[in-house]
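# Geometric and topological summary
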Amino acid sequence: MAVKSGARSSGRWLVVTIPYLWLLALFLVPFLIVFKISLSQDAIAQPPYLPTFDLSEGWAAFKDAFGELSFENYGYVLSWDNEFIEAYGSSLWIAGISTILLLLVGYPIAYGMARAPKSIRPTLLMLVILPFWTSFLIRVYAWIGILSPEGLLNQLLIALGIISPDAPLQILATDTAVYIGIVYSYLPFMILPLYSALEKMDETLLEAAADLGCPPFAAFWKITWPLSLPGVFAGCLLCFIPAVGEFVIPDLLGGSDTLMIGKVLWTEFSVNRSWTVSSAVAVLLLMVLVIPIVFYQNLQAREVEGR
Amino acid sequence: MSTGVAEKTQKTVGGIRRTFAPWNDPQAVPLIRYQNVTKRFGEFTAVDNLSLDIYEREFFALLGPSGCGKTTLMRMLAGFEEPTEGQITLAGQDLVGTPPYKRQTNMMFQSYALFPHMSVWDNIAFGLRQDRMEKGAVAARVEEMLKLVKLEKFAKRKPHQLSGGQRQRVALARSLAKRPKVLLLDEPLGALDKKLREETQFELMDIQMELGMTFLIVTHDQEEAMTVADRIAVMNHGKLVQVAPPAVIYEQPNSRYVADFVGDVNILDAKVTALAPGLVTLEAEAAPGMKLTATQECEAKVGESVALALRPEKLRVELDPPADPNVNCLTGTIWDIGYLGDLSIYHVELPNGTRVKAAKPNLTRMVERPITWEDKVYVSFTPDAGVILTR
Ligand SMILES: Nc1ncnc2c1ncn2[C@@H]1O[C@H](COP(=O)(O)OP(=O)(O)OP(=O)(O)O)[C@@H](O)[C@H]1O
Ligand SMILES: [Mg+2]
């Protein structure tokens, strides 16, 4: 009996431990390395920061190195004199607006898919996932071709006589282009969780609501919407979190005044060659994102409990 | 109200003696009318050219095998399906085109369809709030409904925290809460245990009487239909086979199908050998040479094949032949005995191998039954016990 339960608990132990080991090796250790760099100072060296920990020089030198670590870089990043805080704010703002736009665009699509005849649903799902077959980068570049002053959109509008050829729409290199890019690229991540939540819903619930005197539009807000909330939250977080740190889209579609933290981080790392400051930016970005992640996990736990 | 044959549907409900038979009154105007209603799903005909009148304050039961179209019939009245052909009227108004949320009917769904994100309380209050009923009145009504279905303690729970029977009761309370003109109940009590089911049946009858509502109920339980309904419709393949008060359905089934579907029955194939006004003489295939009589009118002619339907409780099983020469009598051997507590069921094998069932109440506490396996017995029944079925 004791042996049996021992074997079973060690099996369980293994199942629980492997994901944690995975996280430890691929998330926690890299994080600690980045964190350590963020506490170091820039130096003209290889690697370009000090101190470095080197056990070969003995324990005392190791301890001294520890003493040299400081939060100086965080002070620099968080000071109002520099544009970092602004960039964080602007990233959150752009990601937030994009998420709302994604929800507005994604919800009707997911709803339509979930109410479509069962036989064509797999095809519709396939169509949603289809863009993933082309490289993300190429798809973003394609938008340049569409949105640029001589691009397809302007050509079409001019051909239709809606705008004059002398004043093409200036969309590329603005925040609008960034919103378009984010909404376009992240749409599947919004649609899929919404679809799975909506598809699970029993349609007789709407019949029951109608039977009790509830017209269809009111029934949507009283029944469909609350039942799809887990999908709404999942979709919003899946879009919001990567959108905050987005680099490619603002870099390619945004203008010089489009301020996003991913771009700032990249500039700091590759142009200013400051590993330490860019590490501090990255750690703070993670902190900003941990809040929604924890919130999401709480929500999931609540939902599991509620089942 | 007219007085007619079907006055036998007198019932005592909540101490009130009830005489109610508007279907015999040519002046009575039906509340619900199905007129030549057909419903097809693609090639499949779920309801087939069906006409039915249901009267105000009637408790109407639909009986029939699974898939015969009972739910479809209800869903057309509630507005979730439109008839392919025909017309449905409620209180004289054509219902075609009226959306469900504007109809004066409420339905209790076979699958309950409780709102999973709402508490029991909110589920029951949903329809009332929809009518913009004042808050205090909503609370009072919900409390009343909770009490009725004995779920006061569960008001705050969500549907997934309830047992199947409790969910069913919430669904019942929710559909009753608005006190609709017509309440459609699709197997409302199937998940309840026998005792609670019987209690709820009587509660339903009380509510229906008190509030003057019209109930249309689907049930698989014939006893339930017999208990609660003023009239029963037996359905098969989307058609009505017989519509009549419970006693008529049971005692005067119009076809083998109804006789067989409602209650236990022995069906003996027989030939008509002689006809006199009010008296039919038959010879059963199971008992050649024996003259059987039935006191009833019969459409069949001499020589035609018919069926004689005999309810088990109308057969007597004895070791000695009956003294009265007018009583019909068959002989056989006891093949099996089923002891049900209140009754014993004797399965008697007739000479040609046909088995008939006879029910005998256990009037005394006998441990040893005098009639036992392999005994030669006489099965007797009076001429008015059997029903001749030509269909
Ligand atoms: N939406 C639909 N599409 C196609 N066929 C349907 C549809 N709804 C019902 N049917 C068919 O119509 C027939 C009658 O269905 P219905 O639900 O009315 O049966 P029922 O008498 O209520 O059966 P049960 O006692 O099992 O509930 C069934 O054969 C069913 O398969
Ligand atoms: Mg049904």
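About the thresholds
Residues numbered from 1 in each chain as written. Chains lettered and ligands numbered in written order. Predicted model: local features only at pLDDT ≥ 70, side-chain atom pairs only at ≥ 80, totals over all residues. Heavy atoms only, no water. UniProt positions renumbered as here; feature names shortened; annotations may be inferred. Helix = DSSP H or I, 4+ residues; strand = E, 2+ residues; numbered from the N terminus. Near = heavy atom within 4 Å. Polar contact = N/O pair within 3.5 Å; in protein donor to acceptor, adjacent residues only side chain to side chain. Nonpolar A, V, L, I, M, F, W, Y, C, P; charged D, E, K, R; others polar. Axes fitted to C-alpha atoms, helices over the stretch in contact; angles between N-to-C directions. Parallel < 35°, antiparallel > 145°, perpendicular 65-115°, else oblique. Left-handed = near helix turned anticlockwise from the far one by under 90°. Contact = heavy atoms within 4.5 Å. Pairing = 2+ DSSP bridges. Donors = N, O, S within 2.8 Å, 3.2 Å for Na, K, Ca; no water. Buried < 20%, exposed > 50% of the residue type's maximum accessible area, 1.4 Å probe, protein only. 1 Å grid on protein atoms, 1.4 Å probe; cavity = no way out; pocket = protein on both sides within 12 Å on 5 of 7 lines; lining within 4 Å. Points joined across faces, edges and corners; volume = space filled by probe spheres on them. Domains from an automatic or database assignment.

Okay, the UniProt feature "domain: ABC transmembrane type-1" (unreviewed entry) in chain A next. Under the UniProt annotation, "domain: ABC transmembrane type-1" (unreviewed entry) lies at residues 88–296 of chain A. Secondary structure across residues 88–296 of chain A comprises 76% helix and 0% strand; the distance between its end C-alpha atoms is 21 Å.

Residue and element names in this part refer to chain B. Residues in contact with ligand 1 amount to 13 residues; listed here are only the nearest, Ser66, Gly67, Lys70, Thr71 and Thr72. Between ligand 1 and cysteine 68, the relevant distance is 3.2 Å, taken from an oxygen atom to a main-chain nitrogen or oxygen of the residue. Secondary structure elements with two or more residues in the shell around ligand 1: strand S4 (44–54) and helix H1 (70–78). Of the residues assigned to the shell around ligand 1, the class counts are four nonpolar, seven polar and two charged.

This part takes up the packing of helix H5 (residues 121–129) of chain A against helix H8 (residues 175–200) of chain A. Residue and element names in this part refer to chain A. Relative orientation of the contacting elements H5 and H8 amounts to 160 degrees, with a least axis distance of 10 Å. In terms of axis orientation, H5 runs roughly antiparallel to H8. Crossing handedness for the pair H5 and H8: left-handed. Taking contact as the criterion, the partners of Arg121, Leu125, Val128 and Ile129 in H5 are, on H8, Pro188, Ile191, Leu192, Tyr195 and Glu199. Taken together, the residues that form the contact of H5 with H8 break down as seven nonpolar, no polar and two charged.

Neighbouring strands of a sheet are bound in pairs by backbone hydrogen bonds; such pairs are parallel or else antiparallel. All names here are of chain B. Read from one edge to the other, the open sheet built from four strands follows the order S4-S3-S6-S7, with strand pairing classed as antiparallel. Two strands lie at the open edges of the sheet, namely S4 and strand S7 (93–94), each paired on one side alone. Two strands pair when backbone bridges link them, and strand S3 (residues 32–41) and S4 are joined in this way by seven bridges, in the antiparallel orientation. Across the sheet, residue tyrosine 34 finds its bridge partner in S4, namely leucine 52. Sitting on the sheet, H1 touches S3, S4 and strand S6 (85–90), and the angle it makes with S3 is about 115 degrees.

Take the environment of methionine 76 of chain B next. Residue and element names in this part refer to chain B. For methionine 76, the position within the fold is in helix H1. A C-alpha to C-alpha distance of 9.1 Å links methionine 76 and valine 96, two positions 20 residues apart in sequence. Excluding anything up to four places from it in sequence, methionine 76 contacts Val37, Lys39, Val47, Glu81, Glu82, Pro83, Ile88 and Arg103.

For a metal with four donors in a tetrahedral arrangement, the ideal angle between donors is 109.5 degrees, while six donors in an octahedron ideally sit at 90 or 180 degrees. Residue and element names in this part refer to chain B. Bound to the magnesium ion (ligand 2) are the protein donor atoms Thr71 (OG1) and Gln110 (OE1), situated 1.9 to 2.4 Å from the metal. In this pair, threonine 71 sits in helix H1 while glutamine 110 sits in the loop between strand S8 (105–108) and helix H2 (120–130), placing the two residues 39 residues apart along the sequence. The exposure class assigned to glutamine 110 is partly exposed, which follows from its relative accessible area of 41%.

Attention shifts here to empty space enclosed by the protein. Residue and element names in this part refer to chain B. Counted under the stated rule, the structure contains two cavities of 30 Å³ or more. There is about 80 Å³ of room inside the largest cavity. Together, Leu148, Val149, Lys150, Arg169, Leu172, Leu176, Leu196, Glu199, Thr200, Glu203, Leu204 and Ile207 line the largest cavity. When residues of the lining of the largest cavity are traced back to their parent elements, those giving at least two are helix H4 (164–177) and helix H5 (194–211). A per-element tally of the lining of the largest cavity places H5 first, with six residues. Each residue belonging to the lining of the largest cavity can be placed in one class, and the counts come to seven nonpolar, one polar and four charged. Counted as a void, the second largest cavity has a volume near 50 Å³. Elements supplying a minimum of two residues to the lining of the second largest cavity: helix H7 (246–251) and strand S16 (305–310). Residues of the lining of the second largest cavity, tallied by class, amount to seven nonpolar, no polar and two charged. Mapping the lining of the second largest cavity onto the domain boundaries places at least three of its residues in each of domain 1 (3–104 + 180–257) and domain 2 (264–389).

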